[in-house]
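# Fold and geometry: a report
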Amino acid sequence: MDPELLERITARRAGLDELEKQLTKQLAEVRAERNELAVAERVLERVSEQLANERASVTPAPGQVGGRAVMLIPHRTSGVEESTLPPDHQRILAAVRQAAGPVMARQVGDALGIDVSVRAKLEPLRGRVVRLVDRGWLRKLPDGRFTTCL
């Protein structure tokens, strides 16, 4: 056999062996990435289903606090209507809306007919107003007054 031809065949075989190693490595990387994408798809499907289920149930669900059932105040989002709020919270929103401008909790109480001179009646009202702020239904200004969200 021709030694030069044998050398060329050996060199070509070494080149192909190296190419095979590179391609095997790339194929393993592609398979790993495809597996990660499949997992990401499953997670996305589950999260989408959960969000759809949460949006479908726009009525606030009663929760438990200290063994008592309480109505949870939903966060204000595009799919949640004001009518899903408990009636006393709807009245608070209406009182703030009807005011000529930003109001203090005391003024909201006056509008609702609550005796705001009694601290035991004012503070629970203030708590409800702040809860509406926390959930995005109202805005609290730096001076402590409340106003509607735009």
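So, here is what we can say about the structure in this document. (Residues numbered from 1 in each chain as written. Predicted model: local features only at pLDDT ≥ 70, side-chain atom pairs only at ≥ 80, totals over all residues. Heavy atoms only, no water.)

### Focus: the pattern of salt bridges
For the structure on display, the rule yields four salt bridges. Here Glu82 and Arg97 are joined by a salt bridge, their closest N and O atoms 2.6 Å apart. In this pair, Glu82 sits in the loop between strand S2 (68-71) and helix H2 (87-98) while Arg97 sits in helix H2, placing the two residues 15 residues apart along the sequence. You can call Glu82 partly exposed: its relative accessible area is 26%. A relative accessible area of 47% places Arg97 in the partly exposed class. With a closest N to O distance of 3.2 Å, Asp88 and Arg128 form a salt bridge. A residue pair is termed long-range when its members are at least 10 positions apart, and Asp88 in helix H2 and Arg128 in helix H4 (residues 119-134) qualify at 40 residues. (Salt bridge = Lys/Arg side-chain N within 4 Å of Asp/Glu carboxyl O. Helix = DSSP H or I, 4+ residues; strand = E, 2+ residues; numbered from the N terminus. Buried < 20%, exposed > 50% of the residue type's maximum accessible area, 1.4 Å probe, protein only.)

### What about a nonpolar patch on the surface?
Together, Val39, Val43, Val47 and Leu51 line one region of the surface with nonpolar side chains, adding up to about 290 Å² of accessible area. Relative to the helices and strands, Val39 is located in helix H1 (residues 3-56). (Patch = residues over 30% accessible without salt bridge, like charges linked within 9 Å, V, L, I, M, F, W, Y side chains within 5 Å. Areas by Shrake-Rupley, 256 points an atom, 1.4 Å probe, with all protein chains shown as cover.)

### Here's the deal with the nonpolar core
One broad trend across soluble globular proteins is that nonpolar side chains are buried collectively. Counting 18 residues, the largest nonpolar core has Ile92, Val108, Leu132, Trp137 and Leu138 as the members making the most contacts within it. Residue assignment for this core shows that the elements contributing at least two residues are H2, helix H3 (105-112) and H4. Those residues in contact with Leu138 that sit more than four places away from it in its chain are Ile92, Leu93, Val96, Val129, Leu132, Val133, Thr147, Thr148 and Cys149. (Core = buried A, V, L, I, M, F, W, Y, C linked by side-chain atoms within 4.5 Å. Contact = heavy atoms within 4.5 Å.)

### Considerations on the packing of H2 against H4
For the pair H2 and H4, interaxial distance at closest approach is 10 Å and the crossing angle is 80°. On the basis of their axis angle, the class for H2 and H4 is roughly perpendicular. Contacts from Asp88, His89, Ile92 and Leu93 in H2 reach Leu125, Arg128, Val129, Arg131 and Leu132 in H4. When grouped by side-chain class, the residues that make up the contact of H2 with H4 number five nonpolar, one polar and three charged. (Axes fitted to C-alpha atoms, helices over the stretch in contact; angles between N-to-C directions. Parallel < 35°, antiparallel > 145°, perpendicular 65-115°, else oblique. Nonpolar A, V, L, I, M, F, W, Y, C, P; charged D, E, K, R; others polar.)

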